[in-house]
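# Coordinate analysis (summary)
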Number of protein chains: 2
Amino acid sequence: MKKIYKAHILYTKEKNHFEVLENGYLAVDADGCVTGVAADLASLDGEDAEVTDFGNRLLIPAMNDLHVHAPQYRNQGIAMDLELLPWLQNYTFPEEKKYAETAYAEPMYRRFIHDLWRFGTMRSSVFATIHTESTRLLMNLFQEAGMGALVGKVGMNRNCPEGLSESVDDMVQGYEELIHSTLNAPLGSAASLCEKLSTLVTPIITPRFIPSCTSEMLRACGELAAKYQLPVQSHLSENKDEIAWVQELEPESRNYGDAYDRYGLFGQTPTVMAHCVWTDGEELELMKQRGVMVAHCPTSNINLASGIAPIRRFLTEGIPVGLGSDVSGGHDFSIFRMMVYAVQMSKLRYQRDKSSAFLSLAEAFWMATKSGGSFFGRVGSFEPGYEFDALVIDDSDLNHSDYSLLERLERYVYLGDDRQIVHRFCRGKEIAEPRI
Amino acid sequence: MKKIYKAHILYTKEKNHFEVLENGYLAVDADGCVTGVAADLASLDGEDAEVTDFGNRLLIPAMNDLHVHAPQYRNQGIAMDLELLPWLQNYTFPEEKKYAETAYAEPMYRRFIHDLWRFGTMRSSVFATIHTESTRLLMNLFQEAGMGALVGKVGMNRNCPEGLSESVDDMVQGYEELIHSTLNAPLGSAASLCEKLSTLVTPIITPRFIPSCTSEMLRACGELAAKYQLPVQSHLSENKDEIAWVQELEPESRNYGDAYDRYGLFGQTPTVMAHCVWTDGEELELMKQRGVMVAHCPTSNINLASGIAPIRRFLTEGIPVGLGSDVSGGHDFSIFRMMVYAVQMSKLRYQRDKSSAFLSLAEAFWMATKSGGSFFGRVGSFEPGYEFDALVIDDSDLNHSDYSLLERLERYVYLGDDRQIVHRFCRGKEIAEPRI
């Protein structure tokens, strides 16, 4: 049965332009897909549909988080005094070890999902840990919540502490168990999985990063991705020390990206790479050629003193970019806040080199919605055929003067928080508050 | 009558170190001043005092905002697409003109004070507009709220639109009226005002910035500051175009700071200068010599693509630094968020030049409290003799694991907002929610 929502509708079809429909109507079909947006009910053949009127509220696409670490939940907002490599050793790895126990994992993972929900993130690409059972639990909790996720059991077998290393065989076996137990589609037809994502929660192949994975581990990850046509996520060119280390570890590779590429982990299936702060030259060319997506994580990049990624350059080159919170390198779950930081960081680049413009709010919004959403299927826009992932924003406390609809949205992005998000939808269904 | 508060007490006596007292006691005398902090009641001679037990909550000094524009309240979170000079012309000046009408000003100023209160800012150094009546209203509203403020009627008479320019005589007359009507101390004894600040709300001499003020206006401002021994606030070296313009307008000055100094507006009385992004060389030496305080406004500096101020350098040189929200160049009232941005921006400087360390959270906290507070008297610490300006933080929703007290504070700074601030004190009195 068709559903119709009435509200002020704002979204980005194209990267530098907001579509704005005052008191507009949006129709959703029984599969949870948008069938149209219009100024009047008649144009949507909506006369006998159920109409929900959100009044003076804003209806916008939901947020997509392209890079977040679920088992770093406890460390959110602490340990902000270190750069990447010592931060991993001293804070991240010790915490991740605890996820060997699902009893430790469950309350943390519930809170993690609850925070994604609070801040309006309906799809996320998530790193779990090496532990198969905790990862399965995390996937089940996403299913229970009704929220979309690509969840990665993490591949690690070198340069990591005891208790956070797994043999290649165990990794492959654990992954295959997860694939069998969590995907509804028969595995023989897995070739079409990435396009259809017919289930909301899907595994994603997740070598932690080159320094944590031997060649055998990387090769096995690439083979899994190819065999099951699963997407891939990892970290790329975040920090200069890390890049030098990768070059040492993989001396025959032409660059960090190439080190993934040699193992089938760089765009052979849909791939998202977090950070890309120092991506340039041949690495950038390879990303472009392979359509590798960038998960831009601006708060993480400054918290860990990594630098400012060249996002304008990526957009100009046509490299796809989405936004990531990277909790707990990032301290904030809100992808709205990531928009603000993305614009701000681009202004600091601009201040040093005025030859390329800083990001507009529309571009940041587009990265958070339509561009980032594309990693999850037809997600992130209100064009016909897109899955209805949406937020209803009641900004009455912020809307105290004669603001335009675009100013209301800008104020919400800059000043708002979870309090103004009054309804959340994922694939057409309203998502209730997940149980902590 | 002495009052005693029990809680987990955290504050910064020195710039790189937190004092932490688990389940400590803090005593406040009848004048609202701290008499001591101790691990037990007996050491405070507090056996017969009224004890308020805040349980598992955190008790910290309240926030001080060293630079904020009250009449830009409406523009908070919009118009983030311009640099300083066009932003002033297109957004700021048109809005400030409206404050000719106190009927327009009152609801905005009430909301402005309410937001300072929400985010725990108990003292602020505020720009109003050129309008005497609206400025008086703003001062009265601060008095009514019980919150401390230095409020500046803004001096402007060149390069500003019609309706935002005032003759030097009118400026002086308006200022003197404000001084007479708002200070309780007899004006003959004004020499001691800045030290005593016996009233919570005091005028501050406020030439907008060099480009807005003729030599006559600057001279008159300097004379007012000297005559009434009032503090001074303005803008300094925010943006490279602005600096070049100042050099053109005041060709005989050796630098932007010197242009103020020639008129007695650079440390002759207590002076705070916002931004100082590009302060260096002789200007920096002059600030140091004169003890001019920096109001560091990191969000504003990135929103307006101004750059990153050299805060580590200022601290090393012994130049006093506090934090400012600079609403609406800054989009956020929270001085806690300013701490986060101050640390983050210093990490970006560090990433480019690792010869000097980035700011620690303790240093940022110290700037927000004891260092910034010093502009308002003995404010910002819990040492004996300091006025009791404090916040009680109920972080139970953030405190879900085995966090230390310092981690709890760090998490509150990074993740919290107004919801966790459950009590606010200014000069010993609990401050109730101001009426909007």
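Definitions and cut-offs
- Residues numbered from 1 in each chain as written.
- Chains lettered and ligands numbered in written order.
- Predicted model: local features only at pLDDT ≥ 70, side-chain atom pairs only at ≥ 80, totals over all residues.
- Heavy atoms only, no water.
- Core = buried A, V, L, I, M, F, W, Y, C linked by side-chain atoms within 4.5 Å.
- Buried < 20%, exposed > 50% of the residue type's maximum accessible area, 1.4 Å probe, protein only.
- Contact = heavy atoms within 4.5 Å.
- Pairing = 2+ DSSP bridges.
- Helix = DSSP H or I, 4+ residues; strand = E, 2+ residues; numbered from the N terminus.
- Axes fitted to C-alpha atoms, helices over the stretch in contact; angles between N-to-C directions.
- Parallel < 35°, antiparallel > 145°, perpendicular 65-115°, else oblique.
- Left-handed = near helix turned anticlockwise from the far one by under 90°.
- Least-squares fit on C-alpha atoms with pLDDT ≥ 70 in both.
- Salt bridge = Lys/Arg side-chain N within 4 Å of Asp/Glu carboxyl O.
- pLDDT = per-residue confidence, 0-100.
- Buried area = accessible area lost by both parts, 1.4 Å probe.
- Expected span 1.5 Å × (residues − 1).
- Nonpolar A, V, L, I, M, F, W, Y, C, P; charged D, E, K, R; others polar.
- Right-handed = clockwise from strand over helix to strand, strands pointing away.
- Patch = residues over 30% accessible without salt bridge, like charges linked within 9 Å, V, L, I, M, F, W, Y side chains within 5 Å.
- Areas by Shrake-Rupley, 256 points an atom, 1.4 Å probe, with all protein chains shown as cover.
- Lys, Arg positive; Asp, Glu negative; His and termini not counted.
- Charge placed at Lys NZ, Arg CZ, Asp CG, Glu CD.
- Polar contact = N/O pair within 3.5 Å; in protein donor to acceptor, adjacent residues only side chain to side chain.

### Side note on the nonpolar core
- Counting residues in each nonpolar core, the largest one holds 246 residues, and the members touching the most others are Phe 112, Leu 138 and Phe 142 of chain A together with Phe 112, Leu 138 and Phe 142 of chain B.
- What Phe 142 of chain B contacts, discounting residues up to four positions off in sequence, is Phe 112, Ile 113, Leu 116, Ser 124, Val 126, Met 147, Gly 148, Ala 149, Val 151 and Val 201 of chain B.

### Some points on the sheet that holds strand E5 (residues 63-69) of chain A
Residue and element names in this part refer to chain A.
- Ordered in space as E5-E6-E7-E9, the four strands form an open sheet in which the pairing is parallel. Each edge of the open sheet carries a strand with a single partner, namely E5 and strand E9 (201-203). Taken pair by pair, the neighbouring strands of this sheet meet at an average axis angle of 15°, ignoring direction.
- Both strand E6 (residues 121-127) and strand E7 (residues 148-152) contribute to a ladder of five bridges, which runs parallel. Bridge pairing links Arg 123 to Gly 148 in E7.

### Brief notes about the sheet that holds strand E13 (residues 293-296) of chain B
All names here are of chain B.
- Read from one edge of the open sheet, four strands run E11-E12-E13-E14, paired in parallel fashion. The strands lining the two open edges of the sheet, one partner per strand, are strand E11 (232-236) and strand E14 (321-323). Across the sheet, the mean angle separating the axes of adjacent strands is 30° when strand polarity is ignored.
- Here E13 pairs with E14 via three bridges, running parallel. Looking across to E14, one finds that His 296 is bridged to Leu 323.
- Strand contacts of helix H13 (residues 361-373): E13 and E14, with the helix running at about 105° to E14, the strand carrying the most contacts.

### Some details on the packing of helix H12 (residues 335-352) of chain B against H13 of chain B
All names here are of chain B.
- The contact between H12 and H13 brings their axes to 9 Å, and the two run at 135°. Of the possible angle classes, the one that applies to H12 and H13 is oblique. Of the two possible hands of crossing, H12 and H13 adopt the one that is right-handed. Here Ile 335, Met 339, Ala 342 and Val 343 of H12 come into contact with H13, specifically with Leu 361, Ala 364, Phe 365, Met 367 and Ala 368.

### Overview of the relation of the copies chain A and chain B
- Once turned by 180° and shifted 0.0 Å along the axis, chain A lies on chain B with an RMSD of 0.0 Å. With respect to symmetry, the two chain copies, as superposed, fit the operation of a two-fold axis.
- In this assembly, 100% of the residues forming the interface of chain A have copies in chain B that are likewise at the interface, indicating an isologous arrangement.

### Observations regarding the pattern of salt bridges
- Summed over the entire model, instances satisfying the criterion amount to 60 salt bridges over all chains.
- Among the ionic pairs, Arg 136 of chain A bridges to Glu 133 of chain A, the shortest N-O distance being 3.0 Å. Linking Arg 136 of chain A with Glu 133 of chain A, this pair stays in helix H3 (residues 132-145), spanning three residues, or about one helical turn.
- In this structure Arg 136 of chain A comes out as buried when scored by relative accessible area, which is 19%.
- Owing to a relative accessible area of 42%, Glu 133 of chain A belongs among the partly exposed residues under this scheme.
- Of the charged contacts in the structure, one is a salt bridge between Glu 387 of chain B and Arg 123 of chain B, with a shortest N-O distance of 2.6 Å. Linking Glu 387 of chain B in the loop between H13 and strand E15 (390-393) with Arg 123 of chain B in strand E6 (residues 121-127), this pair joins segments that are 264 residues apart in sequence.

### A word on the confidence of the model for chain A
Residues and elements named next belong to chain A.
- Counting all residues, the mean pLDDT for chain A is 94, and 97% of those residues have values of 70 or more.
- The low-confidence segment residues 185-197 (pLDDT under 50) makes 21 contacts with residues lying over four places distant or belonging to another chain.
- This prediction of the complex comes with two scores: 0.96 for pTM and 0.96 for ipTM.

### Remarks on the interface of chain A and chain B
- Contacts between the two partners involve 46 residues from chain A and, on the opposite side, 46 residues from chain B.
- Carbon and sulfur atoms supply 49% of the area that chain A and chain B bury against each other, a total of about 4000 Å² over both sides.
- Considering only the surface of chain A that becomes buried against chain B, Arg 74, His 400 and Arg 419 of chain A emerge as the three largest contributors, covering 14% of it.
- Taken together, the links from chain A to chain B amount to eight salt bridges.

### Thoughts on helix H3 (residues 132-145) of chain B
Residues and elements named next belong to chain B.
- The end-to-end C-alpha separation of H3 is 20 Å, in line with the 20 Å expected for 14 residues at 1.5 Å each.
- Where burial is concerned, most of H3 is hidden: 10 out of the 14 residues are buried.
- Buried within H3 are the following residues: Thr 132, Ser 134, Thr 135, Arg 136, Leu 137, Leu 138, Met 139, Leu 141, Phe 142 and Ala 145.
- Lining the buried residues of H3 we find helix H2 (102-118), E6, strand E7 (148-152), helix H4 (168-182) and strand E9 (201-203).
- At the C-terminal side of H3, Gly 146 shows a positive phi close to 85°.

### Digging into unusual backbone geometry
Residues and elements named next belong to chain A.
- Omega for the bond connecting Val 327 with Ser 328 falls within 30 degrees of zero, at 10°, which places this linkage in the cis form.
- Inspection of the secondary structure puts Ser 328 in the loop between strand E14 (321-323) and helix H12 (335-352).
- The backbone of Gln 229 sits at a positive phi, close to 50°, despite the residue not being glycine.
- Assignment of secondary structure puts Gln 229 in the loop between helix H6 (215-228) and strand E11 (232-236).

### Brief notes about the packing of H12 of chain A against helix H14 (residues 405-415) of chain A
All names here are of chain A.
- Remark: H12 packs on H14, axes separated minimally by 7 Å, with the N-to-C direction vectors making an angle of 95°. Judged on the interaxial angle alone, H14 and H12 are roughly perpendicular. In this structure, H12 contributes Phe 336, Arg 337, Met 339, Val 340 and Val 343 to the contact, and H14 contributes Tyr 412, Val 413 and Tyr 414.
- Taken together, the residues of the contact of H12 with H14 break down into seven nonpolar, no polar and one charged.

### With respect to the pairing of E13 of chain B
All names here are of chain B.
- On E13, burial covers both faces: Met 293 and Ala 295 on one face and Val 294 and His 296 on the other are all buried.
- One ladder, built from three bridges, connects strand E12 (residues 271-275) with E13; its direction is parallel. Looking across to E13, one finds that Ala 274 is bridged to Ala 295.
- Each parallel crossover has a hand, and for E12 linked through helix H9 (residues 281-290) to E13 it is right-handed.

### Comments concerning a positive patch on the surface
- On the surface, Arg 349 and Arg 352 of chain A together with Arg 349 and Arg 352 of chain B cluster together to form a positively charged patch.
- Looking at the positive patch, the elements that each hand over two or more residues are H12 of chain A together with H12 of chain B.

### A short note on the side chain of Thr 199 of chain B
Residues and elements named next belong to chain B.
- Structurally, the position occupied by Thr 199 is in the loop between helix H5 (193-196) and E9.
- Accessibility expressed as a relative area gives 6% for Thr 199, which makes it buried.
- Side-chain polar atoms of Thr 199 contact the side chain of Gln 143, separated by 3.2 Å.

### Topic: a negative patch on the surface
All names here are of chain A.
- On the surface, Asp 40, Asp 45, Glu 47 and Asp 48 cluster together to form a negatively charged patch.
- Here Asp 48 lies in the loop between strand E3 (34-38) and strand E4 (50-61).
- Classification of Asp 48 as exposed rests on a relative accessible area of 68%.

### So, the environment of Gln 233 of chain B
All names here are of chain B.
- Tracing the backbone shows Gln 233 in strand E11.
- If sequence neighbours within four positions are ignored, Gln 233 has contacts with Ser 125, Val 126, Phe 127, Gly 152, Ile 204, Ile 205, Thr 206, Pro 207 and Val 272.
- Side-chain polar atoms of Gln 233 contact the side chain of Ser 125, separated by 2.8 Å.
- Reaching out from Gln 233, the side chain makes a polar contact with the backbone oxygen of Val 126 at a distance of 2.9 Å.

### Overview of the side chain of Asn 255 of chain B
Residues and elements named next belong to chain B.
- Position of Asn 255 relative to the elements: it lies in the loop between helix H7 (240-249) and helix H8 (256-261).
- Of the polar contacts made by the side chain of Asn 255, one reaches the backbone nitrogen of Asp 258; its length is 2.7 Å.
- Ignoring anything within four residues of it in the chain, the contact list for Asn 255 reads Gln 247, Glu 282 and Glu 283.

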